[in-house]
Amino acid sequence: MLIEIAPPAYDVELDLLYATADNLSGAPIYRAPVCLLHPDAAARLRPAIALARGVGCRFRVYDAFRPAEAQWRLWHAFPDPAYIADPRLGSNHTRGVAIDLTLVDSSGQPLDMGTGFDAMTERSHHGRTDLTADQQRNRALLLGVMSAAGWDHYATEWWHYQLPDPERYPLLTDAAIGGRMM
């Protein structure tokens, strides 16, 4: 049901931080670094990749589908509903229709967005005016590319994008993908 997002089929860099200890929990969340999306989200990623390429950039993907079990681990590590969806309600990542990413330049360097991925602070919110002009421009570029490709943004995380009307997609567990991640 979910589609693997990986080169060469998808021209993206993968840096799946939840499969490492380099994330807000301080421990690996996933057993295996697998990047998956619902077919509808994978289809919308293709024009976003083309738009990014058109401005001389590529995407670095930090997270996509997140099994329900992983959502519980994140919630236990950082139970703040402004940043981590309460697993009892469900995350759009757990539906396979959300992706966390940034833009990298032609040399593979990430554009400066003013904070790192998963910096759960107000500086991570869209529309910040206390960032440098370059940081604001870089966030606007990412927002423009993703919006033009049909993605919605999440107001408190510059890196998070999801399909419109995500609730119409079911929540999924690791068992639904054959136990590949947990």
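What counts and what doesn't
- Residues numbered from 1 in each chain as written.
- Predicted model: local features only at pLDDT ≥ 70, side-chain atom pairs only at ≥ 80, totals over all residues.
- Heavy atoms only, no water.
- Pairing = 2+ DSSP bridges.
- Helix = DSSP H or I, 4+ residues; strand = E, 2+ residues; numbered from the N terminus.
- Axes fitted to C-alpha atoms, helices over the stretch in contact; angles between N-to-C directions.
- Contact = heavy atoms within 4.5 Å.
- Salt bridge = Lys/Arg side-chain N within 4 Å of Asp/Glu carboxyl O.

**Quick look at the sheet that holds strand S2 (residues 12-14)**
Here is step 1 of the chain: Sheet architecture is open: five strands sit in the order S2-S4-S5-S7-S6, paired in mixed fashion. Sheet topology places S2 and strand S6 (152-154) at the edges, where each strand pairs with a single neighbour. Across this sheet, the average inter-strand angle for adjacent strands is 40°, counted without regard to direction.
Here is step 2 of the chain: In the sheet, S2 pairs with strand S4 (residues 58-63) via three bridges, with the strands oriented parallel. Counterpart to Leu14 in the pairing with S4 is Val61.
Here is step 3 of the chain: On top of the sheet, helix H1 (residues 39-54) reaches S2, S4 and strand S5 (98-104); it is set at about 135° to S4, its chief contact.
Here is step 4 of the chain: The strands touched by helix H3 (residues 133-148) are S4, S5, S6 and strand S7 (157-162); relative to S5, the strand with the most contacts, the crossing angle is about 130°.

**Comments concerning the pattern of salt bridges**
Here is step 1 of the chain: Evaluated as defined, the whole model comprises 12 salt bridges.
Here is step 2 of the chain: We note a salt bridge from Glu4 to Arg180, for which the minimum N-O separation is 3.0 Å. Within this pair, whereas Glu4 is found in strand S1 (residues 3-4), its partner Arg180 is found in the segment after S7, the two being separated by 176 residues in sequence.
Here is step 3 of the chain: For Arg58, the salt bridge identified is with Asp11, shortest N-O distance 2.8 Å.

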